[in-house]
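What follows is each chain in one-letter form.
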Amino acid sequence: MKVIISLTLLLIAAPLQAKLNVFACEPEWQALVQAIGGEHVNTYSATTAYQDPHHIEARPSLIAKTRRADLLVCTGAELEIGWLPLLLRKSGNADVQASELGYFLAASHVERIEVPVALDRSQGDVHASGNPHVSWDPYRLQTIAKALSKRLQVIDPSNASSYQQKLKQFNQRWTAAIMRWEAMTENLAGKKVIVYHKNWSYLLKWLGVEVIGDLEPKPGLPPTSKHLSHLLNVTRDNAPDAILIANYQDDKGAQWLSDKTGIPVIHLPFTVGGSDQAIDLFSLYDEVLSLLIKGNG
Ligand SMILES: [Zn+2]
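Before going into details, it helps to say that this report is about the structure given with it.

Conventions we followed
- Residues numbered from 1 in each chain as written.
- Predicted model: local features only at pLDDT ≥ 70, side-chain atom pairs only at ≥ 80, totals over all residues.
- Heavy atoms only, no water.
- Helix = DSSP H or I, 4+ residues; strand = E, 2+ residues; numbered from the N terminus.
- Buried < 20%, exposed > 50% of the residue type's maximum accessible area, 1.4 Å probe, protein only.
- Contact = heavy atoms within 4.5 Å.
- Areas by Shrake-Rupley, 256 points an atom, 1.4 Å probe, with all protein chains shown as cover.
- Lys, Arg positive; Asp, Glu negative; His and termini not counted.
- Charge placed at Lys NZ, Arg CZ, Asp CG, Glu CD.
- Axes fitted to C-alpha atoms, helices over the stretch in contact; angles between N-to-C directions.
- Left-handed = near helix turned anticlockwise from the far one by under 90°.
- Nonpolar A, V, L, I, M, F, W, Y, C, P; charged D, E, K, R; others polar.
- Core = buried A, V, L, I, M, F, W, Y, C linked by side-chain atoms within 4.5 Å.
- Domains from an automatic or database assignment.
- Donors = N, O, S within 2.8 Å, 3.2 Å for Na, K, Ca; no water.
- Salt bridge = Lys/Arg side-chain N within 4 Å of Asp/Glu carboxyl O.
- Parallel < 35°, antiparallel > 145°, perpendicular 65-115°, else oblique.
- Arc of directions from axis to C-beta.
- Pairing = 2+ DSSP bridges.
- Phe/Tyr/Trp six-rings, centres within 6.5 Å; stacked < 30°, edge-to-face > 60°.

So, the overall build of the protein chain
The helix and strand inventory of the protein chain stands at ten helices and eight strands. Projected onto the principal axes, the alpha-carbon positions of the protein chain cover approximately 85 × 40 × 35 Å. Per-residue burial over the protein chain gives 50% buried out of 297 residues. Restricting to contacts in the protein chain with at least 6 residues of sequence separation, those with at least 24 account for 64%. Approximately 14,400 Å² of the protein chain is accessible, and the part contributed by carbon and sulfur atoms is 54%. Computed over 28 positive and 30 negative side-chain charges, the separation of the two mean positions in the protein chain equals 4 Å.

Some details on the packing of helix H3 (residues 60-67) against helix H4 (residues 84-91)
Viewed as axis vectors pointing N to C, H3 and H4 meet at an angle of 65°, and their least axial separation amounts to 8 Å. For the pair H3 and H4, the sense of crossing is right-handed. Judged by residue contacts, Leu62, Ile63, Thr66 and Arg67 of H3 engage Leu87, Leu88, Lys90 and Ser91 from H4. In terms of residue class, the contact of H3 with H4 is made up of four nonpolar, two polar and two charged.

A word on the nonpolar core
Core analysis: the largest hydrophobic core is formed by 58 residues, its most contacted members being Trp200 and Leu244. For this core, the two domains that each supply at least three residues are domain 1 (18-179) and domain 2 (186-295). With residues near it in sequence (within four places) discarded, Trp200 still touches Trp136, Val195, Leu244, Ala246, Leu268, Pro269, Phe270 and Val288.

Considering the coordination of the zinc ion
Within the protein, His54 (NE2), His127 (NE2), His133 (NE2) and His197 (NE2) serve as the donor atoms for the zinc ion, at 2.0 to 2.1 Å. Every donor residue of the zinc ion comes from the same chain, spaced as H-x72-H-x5-H-x63-H. Here His197 lies in the loop between strand E5 (192-195) and helix H7 (201-207) and His54 lies in the loop between strand E2 (41-45) and H3, a separation of 143 residues in the sequence. We note that His54, like His197, is buried.

Points about the pattern of salt bridges
All chains considered together, the criterion is met by five salt bridges. Lys166 is paired through a salt bridge with Glu39; the nearest N and O atoms lie 3.1 Å apart. Here Lys166 is found in helix H6 (residues 160-184), whereas its partner Glu39 is found in the loop between helix H2 (27-37) and E2, with 127 residues between them in sequence. Owing to a relative accessible area of 13%, Lys166 belongs among the buried residues under this scheme. By relative accessible area, Glu39 is classed as partly exposed at 47%. Arg140 is the partner of Asp137 in a salt bridge, and the nearest nitrogen-oxygen pair spans 2.8 Å. Exposure class is identical for Asp137 and Arg140. Each is buried.

Focus: the packing of H2 against helix H5 (residues 138-155)
At a minimum axis separation of 10 Å, H2 and H5 run at an interaxial angle of 60°. The angle between the axes of H2 and H5 places the two elements in the oblique class. The interaxial crossing formed by H2 with H5 has right-handed handedness. Between H2 and H5, the contacting residues are Trp29, Leu32, Val33, Ile36 and Gly37 on the first element and Leu141, Ile144, Ala145, Leu148, Ser149 and Leu152 on the second. The residue makeup of the contact of H2 with H5, split by class, is nine nonpolar, two polar and no charged.

A closer look at H3
Inspection of H3 places Leu62, Ile63 and Thr66 among the buried residues, and these make up the whole buried set. Buried residues in H3, looked at end-on, bunch into an arc of 100°, giving them a common side. Structurally, H3 contributes buried residues whose contacts are with strand E1 (20-24), E2, strand E3 (71-74) and H4.

Thoughts on the sheet that holds strand E6 (residues 210-214)
Taking strand neighbours across the sheet as the criterion, the four strands line up as E6-E5-E7-E8 in an open arrangement whose pairing is parallel. Single-partner strands in this sheet number two, and they are E6 and strand E8 (265-268). For this sheet, the mean inter-axis angle between neighbouring strands, taken without regard to orientation, is 30°. Strands E5 and E6 of the sheet are contacted by helix H8 (residues 225-237), whose axis makes an angle of about 145° with E6. Sheet contacts for helix H9 (residues 252-261): E5, strand E7 (242-246) and E8; angle to E7, the most-contacted strand, approximately 165°.

Topic: the packing of aromatic side chains
In total, this model carries 13 aromatic pairs according to the counting rule given. Judged by centre distance (5.8 Å) and plane angle (40°), the ring pair of Phe23 and Tyr44 falls under tilted. One end of the pair, Phe23, is in strand E1; the other, Tyr44, is in strand E2, and 21 residues separate them in sequence. Note on Trp174 and Trp181: the rings are 5.0 Å apart at their centroids and 80° apart in plane angle, and the pair reads as edge-to-face.

Dropping the structure here:
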């Protein structure tokens, strides 16, 4: 009897610490939350690496996950404008609404490139608030990691020191990785590519690779035959070294252009889970950079 009572007291005195439920819109943010949240977080990603995060259906299962979330971590800059507002509204979860601490948009914490001077939404531009694909600049990613860690510390103050420690470890590893990546990609500077969508802009800017064309006539609009023949002319005057395609994008247009010109197509995982090797942010960067080096011979 005595043993049972002590055990009961023990359970009351030290209840199992509940983990934070984190709803990430994309796998790269899920991976970042796992890296800097560790054992204190349960994570879920609304999308996989094989989906286009611009175009997702606000399914009932996603609404249910949003309802249970303590923290929502998304890209922002209007990337999820077609589905996230609906999830938030239908979830009825007051903690993760736009003005709350449980709402974290990565792109809001860094400067964005390619902000349109004059916006014409009628043309279907999905990058109205500048380029949202910020996870591909390793320095911006570090800034986002710091802001996200601070947010975790505020929401879950009892584990604040652990979050600080994890951020420190992540930063040390990430800084070392940046040095390694910059050394291994030195020869990519000055190369020229055609991309499908402007989702590699931050990466290519970092590497000093020039983009001479997009298969999409406007961000978010699929390639047209008129636009593809225009690109064919562009490549005659200014031959690129490769055409880049993310694993979730339709490669028909890229393949057509490649067949006409002999320019190689490089298929890349855009985010964590986009290939067998890309299991976290480190291995994702490692793989994409290796594939770029290999593809550019
Ligand atoms: Zn985009």
